[in-house]
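One letter stands for each residue in the lines below.
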Amino acid sequence: VVGVGVYKCVRERGQCEALGRPGRMKRFRRHGHDSQRDRLKQELFQFNKTVEHGFPHQPSALGFSPSLELLAIGTRSGAIKLYGAPGVEFMGLHDENAAVMQVHFLPHQVELVTLLDDNSLHMWTLRAHKGVSELLEIGRFTLSGPPGAIPSVTRVTAVLAHSSGELLLLGTEGGHVFVVEVPGFRELEENNISVEDVQIPEEYVGRRNLECVEALQENPLNPRQVLIGYSRGLMVLWDLDRRCAIQHFLGMQQLESVWWMEDGGNILSSHSDGSYCHWTVTGEDPQTEPDKQETPYGSFPCKAISKILQVSTRQGPPFLIFNGGMPRASYGDRHCISVVHSKAHVALDFTSRIIDFFVIREGEHHKGDPSALMVLAEEELVVVDLQNEGWPVFHTPYLVPLHCSAITCSHHVSAIPLKLWERVQAAGKLQNTHYSRRPWPINGGQNLAPDPPQRDLLLTGHEDGTVRFWDASGVCLYPMYKLSTAAVFHTDTDPNDNMNQNTEGEWPPFRKVGCFDPYSDDPRLGIQKIHLCKYSGYLAVAGTAGQILMLEMNDELACQTVESTVVDLLQGQEGFRWKGQARLDLRQEPVNFPPGFQPFTLVQCQPPAVVTAIALHSEWKLVAFGTSHGFGVYDYQQKSNVLVKCTLNPSDQVALEGPLSRVKSIKKSLRQSFRRIRRSRVSMHKHHPNNAAKAEALHEMELAPVQRKIEARSADDSFTGLVRTLYFADTFLNDSYHNTPALWAGTNGGAIFAYMLRLPPVERRMDDQVMAYPVKEIQLMHRAPVVGLVVLDGRGAPLPEPLEVAHDLSRSPEMQGYHQLLVISEEQLKLFTLPKVSSKAKLKLTAVDGSRVRRVGVAWFGSSRVEDYAESGLVVLTNQGDLHVISLPSIKMQVHYPCIRKEDVSGDRLLCLHQTGQGFYLISPSEFERFSLSARWVVEPRCLVEAPSQSRPTSPSSQPYRDQLDGASTQHRQVMEHALLNDESDDWLPTV
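It should be emphasised that the depicted structure is a prediction, and the values quoted were computed from it without experimental measurement.

Cut-offs applied
- Residues numbered from 1 in each chain as written.
- Predicted model: local features only at pLDDT ≥ 70, side-chain atom pairs only at ≥ 80, totals over all residues.
- Heavy atoms only, no water.
- Core = buried A, V, L, I, M, F, W, Y, C linked by side-chain atoms within 4.5 Å.
- Buried < 20%, exposed > 50% of the residue type's maximum accessible area, 1.4 Å probe, protein only.
- Helix = DSSP H or I, 4+ residues; strand = E, 2+ residues; numbered from the N terminus.
- Contact = heavy atoms within 4.5 Å.
- Pairing = 2+ DSSP bridges.
- Axes fitted to C-alpha atoms, helices over the stretch in contact; angles between N-to-C directions.
- Phe/Tyr/Trp six-rings, centres within 6.5 Å; stacked < 30°, edge-to-face > 60°.

## Examining the nonpolar core
Counting 35 residues, the largest nonpolar core has Ile-321 and Leu-373 as the members making the most contacts within it. For this core, the elements supplying multiple residues, two or more each, are β22 (305-311), β23 (319-324), β24 (335-341), β25 (344-350), β26 (354-361), β27 (370-377) and β28 (381-385). If we ignore the near neighbours within four places in the chain, the residues touching Leu-373 are Ile-321, Ile-337, Val-339, Leu-348, Phe-357, Phe-358, Val-359, Val-382, Val-383, Val-384 and Leu-386.

## Some thoughts on unusual backbone geometry
The peptide bond linking Val-182 to Pro-183 adopts the cis configuration, its omega dihedral lying at 10°. Among the structural elements, Pro-183 can be located in the loop between β12 (177-181) and β13 (186-187). Residue Pro-607 is reached from Gln-606 by a cis peptide bond, and omega for that bond is 0°. Topologically, Pro-607 is positioned in the loop between β43 (596-606) and β44 (613-617). The phi dihedral of Leu-399 falls on the positive side, at around 55°, and the residue is not glycine. Following the sequence through the fold, Leu-399 ends up in the loop between β28 and β29 (407-413). Assessed through its relative accessible area of 3%, Leu-399 is described here as buried.

## Re the sheet that holds strand β32 (residues 466-471)
Read across the sheet, four strands follow the order β29-β31-β32-β33 without closing on themselves; strand pairing throughout is antiparallel. Across the chains shown, the open sheet's two edge strands, defined by having one partner strand only, are β29 and β33 (478-484). Across this sheet, the average inter-strand angle for adjacent strands is 20°, counted without regard to direction. Looking at chain direction, β32 and β33 are connected through six bridges and run antiparallel. Bridge pairing in β33 places Arg-468 opposite Lys-482.

## A look at the packing of aromatic side chains
Aromatic ring pairs: the centre-centre distance and the angle between the two ring planes describe each pair. Throughout the structure, instances matching the rule amount to 25 aromatic pairs. When the ring of Tyr-538 is compared with that of Phe-600, the centres are 6.0 Å apart and the planes differ by 65°; the resulting orientation is edge-to-face. Taken together, the positions of Tyr-538 in strand β37 (residues 538-543) and Phe-600 in strand β43 put the pair 62 residues apart, joining distant regions of the chain. Here the two residues Tyr-538 and Phe-600 agree in accessibility, since each one is buried. Between Tyr-921 and Phe-931, the ring centres sit 6.0 Å apart and the planes meet at 45°, which makes this aromatic pair tilted. Taken together, the residues span a long stretch of sequence, with Tyr-921 in strand β61 (residues 918-924) and Phe-931 in strand β62 (residues 927-934) at a distance of 10 residues. Residue classification places Tyr-921 among the buried residues on the basis of a relative accessible area of 3%.

So, to be careful, I would describe these as geometric facts and stop short of saying anything about function.
Structure below.
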């Protein structure tokens, strides 16, 4: 080895000296070739963040436009998201880092107004550009008061978008109402309404001040009349033309919300004591008492009714819907919306706080009977069908809470065969019989995106032991099927404990709605790894307590037991004691499994540590698994062990204690760190200190100027035996003439193990055992964790997936010439020739820019210009959040893009890459960001929203009837900053 190294150095030095210069040989480039390659890169690679899937994180405001049929959601991070028909989605982001407190659509317009908690108002519009609509911010405004006024005078608490589409009425914390013209945000000072203008009745004189404006409502029959509700209980009917108060309603309880009924003559007000009042608009002033006052849930102290509305029907009694009002002592922690219609009364019980709600009405101009109740809760969107008996909920095509149980892993499978797709779809439909069968009630805009070229599945594993299948083919991430693994084990769950079941005559009449459930019955059920073979229909699911379940697709109901095999990864080593979690208790009796994926065998690792790696080869009927203690191979056809290998370092006590036992103490961490420092110093100076110093100086001189020295990691570091990656390959291990099935395994300590697998002939597959023989073991010099392993065939292409060649979806791998093993560690990529395992090439990452590899995947990049040209590449995510594409087999850097924020740990951990150059990563607990590195494969929304046929009236009084308030919002809100208009160039003029 020394001789080879010396010869290499001498040879390189001689070549350099022949060129007349010392040092390393300079590489000369052909510029024509480089420019051609640059053009090809542009045709192959293009980075786009295309769409966000899931439910918005921390929603704070809700709006709805009946005329556009669009739903708007604002978030605490300043995002504004619009949704219409499935596939119609828009997103905008405020420059200010402030929460969106209210969203209001301008009636019959394509504009909407947002109110932020910094007291700024923002105008947004949907403008057509190149055939599609874009959401753009076109104006900003901050209400300014008189000189010297205190901030509460102009702090906005209530917003009314007038039906004329030309005015905004802004109620403030100081009790004033400001009138602003839109879209230009011009304050009409002569129309402002001050506290003095409302002429407080004598009955209120001496009471505390009116405080803020809590609500603003327009008369549905006369848009020139507005109802102003103050938080102390007073309501004032105001005439905008005559600029005077017409009638005062003297409420004595703190006001929460008001609702003006469609007949124009009746008003509902809800209050902080859990009551609501009925008032009549008579013109007699003042009205000292309500016509009727009710407390729906009894005479005991109740929580506030924060919003109330009453919607009439063409035939029969109206719907009364309100939020809150629960008895404070008994049910003060419930999040409920009550729906009352005739003799039916239901309290819809949510598992998270309610942000807002509204009612969608059917018919032209949305003036018909109530169709659906749309509720935005903090963790999910629930839509209730108000027309079918029992008021079932709709199956939402978007905004589905991905985090109904916390996401623990993800797995993407592209180009699903039609047969498997239809079977998964059929199994999912059997689970959805309790949903409403009516079509989705929001249908605004046109989806112009082309049909997906293939069927893609995204599988997410969850903390409660479920695996959810999502249709990821297009813009909408649609739920298809849910698999639960909890039925296989004995858990603390009581099968009769159903929160949806209510006892007869229970009061309040609760009914559980929504699917968000943040609580897990047993954390050991959590799913850690998923692998689906799309050709055979086999599914491998691995969990937190060392369990690996093998499942297969079955279209019929089955009652069966699940066979179990225990694998001792410690292989009987003495002196070790597992201090972590106990394994799950398998049910011995037969279990009923519904149609879909059904488990047929279980592998239980001992100790029951988290499964850290998994690989499935359905052609060989083998599954490989690894934990922090070792790895193994299981034959799921014969249901027997093939291989068990312990990788545990005897000094690694953390791996023995387990993730759920205890956190390593600071004292112990410091002690280990100082020991490592001491060992490195002693080993450097113990023998021949002068020689050691000279060797180190020589090593530093040999490093390239752009590279940094990488310290070798100690073998005593924690979790060095943890298995990071497993890989099945049919390649050359012993000689260059006979290929053989093999398993490759890489660990956290930089060790690589290769095992030859001897498979019996097909006719004797059930009789003879699969045998495994150790062939090679490699130890990387710096002991960097091995993140990925890939074998390249004689053409330099990655080996195809199992059964891919058999289904004529890939050409056979080239077995002539030598194969190559690509080892991806955290620090570098290194290419070895097989079977000799001699180093051929490498690409350093850590030494060059300090980044470390976190995730890796193989992708095919097709040319956007030439249909039949494609290249394979390696996609690498680093700890800096950057994505790199590296060519194969030359392992040269092609392109790199910033993708994930460096501090975003969950996005790093749950990144999901797939073969088409697309990927997903979590940007919040409830949202996936979809991105594409391919210039050919891009899935993104393309949609158009046209202005409604009824344009803005020429006169504010020409609007005869209130259809339904666009963007009504409920909560106590606060507002805004600086006036600014932007981007009014001719290039952006609307084409509708």
